[in-house]
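Descriptive analysis of the structure
Take a look at the letters that make up each chain.
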Amino acid sequence: MPKVWDRPFLRKHHHHQKRRSLVFSTMFSNASSNSEGASSPEEEQTVHVERRLPNGDFYTGEWWGGWPHGTGKYLWVDGCMYEGQWRRGRATGRGKFLWPSGATYEGEFSHGFMEGFGTYTSCSDDTYWGNWSQNLKHGHGKKSFPTGDYYDGEWVYGFQEGYGKYVWKNGNDYSGEWKAGAFHGQGVLIWANGNRYEGGWKDGLPNGNGTFKWADGSTYVGCWSMENGVFQQEGAYYPSADSNLPTTRDPESYFTTGRSEFEVCPGDVLSVMPSSKKLWSRGHSKSVISFANFDDDLDAEVCPVTPMMRWPPSEIKRQGETISKDHRNYELMLNLQLGIRHAVGKQSAATSLDLKPSAFDPKEKFWTRFPPEGSKRTPPHQSIEFRWKDYCPMVFMTLRKLFKVDPGDYMLSICGDEALRELSSPGKSGSFFYLTNDDKYMIKTMKKSEVKVLLKMLPAYYNHVRAFENTLVTKFFGLHCVKLVGATQRKVRFVIMGNLFCCEYPIHRRFDLKGSSHGRTTDKPETEIDETTTLKDLDLNFIFRLQKSWFQEFFRQVERDSDFLEQERIMDYSLLVGVHFLPDNDTEKRSNGAPLSEDSDLTRWSTIKLGINMPAKVEEIVRRAGTESPLIGEPAGEFHDVILYFGIIDILQDYDISKKLEHAYKSMQYDPTSISAVDPKLYSKRFCEFIFRVFTEEV
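Below, the structure is looked at part by part. Predicted model, so just to flag it, every value in this text is computed and none were measured. (Residues numbered from 1 in each chain as written. Predicted model: local features only at pLDDT ≥ 70, side-chain atom pairs only at ≥ 80, totals over all residues. Heavy atoms only, no water.)

**Considering the packing of helix H6 (residues 448-467) against helix H7 (residues 548-567)**
Remark: H6 packs on H7, axes separated minimally by 11 Å, with the N-to-C direction vectors making an angle of 165 degrees. The angle between H6 and H7 places the two elements in the roughly antiparallel class. Between H6 and H7 lies a crossing whose hand is right-handed. Residue-level inspection shows Met457, Ala460, Tyr461 and His464 of H6 in contact with H7, the latter providing Gln557, Arg560, Asp561 and Phe564. When grouped by side-chain class, the residues that make up the contact of H6 with H7 number four nonpolar, two polar and two charged. (Axes fitted to C-alpha atoms, helices over the stretch in contact; angles between N-to-C directions. Helix = DSSP H or I, 4+ residues; strand = E, 2+ residues; numbered from the N terminus. Parallel < 35°, antiparallel > 145°, perpendicular 65-115°, else oblique. Left-handed = near helix turned anticlockwise from the far one by under 90°. Contact = heavy atoms within 4.5 Å. Nonpolar A, V, L, I, M, F, W, Y, C, P; charged D, E, K, R; others polar.)

As structure tokens, this is what we get:
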């Protein structure tokens, strides 16, 4: 049985980090040697540098801690230029971006994106003044078009949406509601000749009840609709008192043959986004969001001293393979990102947590076509054509609000310039897992049966997570499907979940705990076990001791969550636990009342909640040889301070016919209580009993 953690491991880990810091300090710093490694960026001075880079790019400006930081200018060989404020290699603050075409943006930036208030002027002189988010018009803004048209109103991720007023050069104007760049909702269109229509709109045409009024006072009250691609109207005409007017009149021609008089100008499309521009580094390019260090051997004029260079330390290796352009799933990643941007961008913010039963209808799903050349509702893209489906969009939008997920941050994490990472191998179910570059979200491909389970349990799941803020069950943020067209004709269903291990502290050990023993050990040899290895019940060689108040809350919540899963006929779930071991010297300081080191400063634990940033102790145990019980052993009296992260995962397996057959088959070969595939009631009971032996109250 591999010993998954011991004191030599921890000493070896910290010795390796210290030795590596010394090497980098020697290689990249002119400062005197320090036994704890290179000096921190905070100890360095801001300096001014001017550099002509080997690929022809040019940078001049302030430099601090190995990054452009302060004010600086970067000029690309293709003619693009950014001049403004930087923070750690990212365009952040006030700045100006110029395109080779002559287009300009001047305003606020954040993490390399146009973000905040700014002014964009295209090469054809159409201008937008207003708010931006992730390079897209978002919020209130005013836009003048090269045609002479003008819009003043609300925008949502690049499209007019909300309330706004559009004035055409010919004198016509519309005031009212918009959606996805078209009249949608209630609004008034007034022609320059005095005619007007007031009523409902959909996709730029009258829809529902409305009134058309001619300049002479005559009116037509009717109902409009689009049926099978044909514009329909039905209503009654009421002439004014003037006897010279015709007795019958029809306004249809104003909306069909005369529609060109109130078409909305599409404006220009940015060919290159500022956040997509690459900054040179030796060997390869990196994005603005992760500016690389320049080497000392480049020609440079530096004042007053050469800034110290350093590689960013990498204490824990990152999981997964970056999905680059030649990756087999590159097209799928692009489709996913385009779909998410479309799905989240078109939605209005949830205003209430109360949902109608119809929102949970499994038939509440919407298909959208994404042709490469773009469409009225979708942008052009460089991927293959695909179709996109959103399941129960209102429910998941409200769940994101409930979980306090900012829509802009959500899109930036999933749809930003950084690629997703694919985990090295599919899970036991055959699903593939992807991580966002910032580690906040995990994306899992799903079988059709799992989608059905989630949709079936969605009403109960929503009520449960709303009722219990500290629930440990997986947080779901979206359920989608990509259908590839053409020769492949395959569907890929996936769910977006929170990543439990997106945390401040590196995870040294991770465990997947079920409470069963059959097959519940890692198949890796001890020499291959590292911080990314998921260990199981029989690999665990210590118990977790929580402070009294936290243990009581933990006990209550595990019971609530397991009861909920039992009621939904779910089994085979796990408690995933991540452990960060504090250095031994911090353990001694805590016991002596001394302050902790900077790396383990308890002031960083301001976000402590159940399962997140939880300070605890672990006590080592000694196993009895020759047993296969999940937790058989005697406490060894060896304690270590840790920080814990944990949650209940894999909650989409119901006790269906396949699991019943698996239970019957394995029960003939093994102890029925030792296998995972058991009735949900028994599974819940066994799970709780085991977890409450692994987690105990600190004494």
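**A look at H7**
The periodicity of an α-helix, 3.6 residues per turn, causes residues three or four places apart in sequence to face the same way. Between the first and last C-alpha of H7 there are 29 Å, a value that for 20 residues agrees with the 28 Å anticipated at 1.5 Å per step. Among the residues making up H7, those that are buried are Phe551, Glu553, Phe554, Gln557, Val558, Asp561, Ser562, Phe564 and Leu565. Projected down its long axis, H7 carries its buried residues within an arc of 160 degrees, all on one side. Those residues of H7 that are exposed and angled more than 90 degrees off the buried face are Lys548 and Gln567. (Expected span 1.5 Å × (residues − 1). Buried < 20%, exposed > 50% of the residue type's maximum accessible area, 1.4 Å probe, protein only. Arc of directions from axis to C-beta.)

**Describing the pattern of salt bridges**
What the rule picks out here adds up to 16 salt bridges. Two residues, aspartate 216 and arginine 249, come together in a salt bridge whose shortest N-O distance is 2.9 Å. Here aspartate 216 is found in the loop between strand S15 (205-213) and strand S16 (219-227), whereas its partner arginine 249 is found in the loop between strand S17 (230-238) and helix H2 (252-255), with 33 residues between them in sequence. With a closest N to O distance of 3.3 Å, lysine 514 and aspartate 572 form a salt bridge. Pair noted here: lysine 514 is in the loop between strand S29 (509-513) and strand S30 (534-536) and aspartate 572 is in the loop between H7 and strand S32 (574-581), with a separation of 58 residues, a long-range link. Assessed through its relative accessible area of 8%, lysine 514 is described here as buried. Three or more residues are tied together by salt bridges with common partners; here these are Glu553, Arg556 and Arg560. (Salt bridge = Lys/Arg side-chain N within 4 Å of Asp/Glu carboxyl O.)

**Let's talk about the environment of threonine 351**
Mapping threonine 351 onto the fold places it in the loop between helix H3 (330-345) and strand S22 (365-370). Sequence spacing of threonine 351 and lysine 401 is 50 residues, and the spatial spacing of their C-alpha atoms is 9.0 Å.

**A closer look at the pairing of strand S31 (residues 542-546)**
Burial analysis of S31 places five of its five residues in the buried class, which makes it a mostly covered element. Here S31 shows no split at all, with Phe542, Phe544 and Leu546 on one side and Ile543 and Arg545 on the other all buried. Where S31 lies against strand S33 (residues 614-623), four bridges are found, and the strand directions are antiparallel. Bridge pairing in S33 links isoleucine 543 to glutamate 619. (Pairing = 2+ DSSP bridges.)

**Observations regarding the packing of aromatic side chains**
One pass over the structure, following the stated rule, counts 62 aromatic pairs. Taking the centre distance of 5.7 Å and the plane angle of 85 degrees together, the rings of tyrosine 174 and tryptophan 201 count as edge-to-face. Taken together, the positions of tyrosine 174 in strand S12 (residues 173-179) and tryptophan 201 in strand S14 (residues 196-202) put the pair 27 residues apart, joining distant regions of the chain. In this structure tryptophan 201 comes out as buried when scored by relative accessible area, which is 3%. One Lys or Arg, lysine 143, reaches over the ring of phenylalanine 145 and ends 5.1 Å from the middle of that ring. (Phe/Tyr/Trp six-rings, centres within 6.5 Å; stacked < 30°, edge-to-face > 60°. Lys NZ or Arg CZ within 6 Å of the ring centre and 35° of its normal.)

**Examining the environment of glycine 93**
Position of glycine 93 relative to the elements: it lies in strand S5 (residues 90-98). Those residues in contact with glycine 93 that lie beyond four places of it in its chain are Gln85, Gly107, Glu108 and Phe109.

**A word on the pairing of strand S27 (residues 476-484)**
Remember that side chains alternate between the two faces of the sheet whenever the strand is regular. Counting buried residues along S27, eight of its nine residues qualify, which places the element largely inside the surrounding structure. Bridge count for strand S23 (residues 386-391) against S27 is five bridges, and the pairing is antiparallel. Paired with phenylalanine 386 across the two strands is leucine 484, which belongs to S27. With seven bridges connecting them, S27 and strand S28 (residues 491-498) associate as antiparallel partners. Bridge pairing in S28 links phenylalanine 476 to methionine 497.

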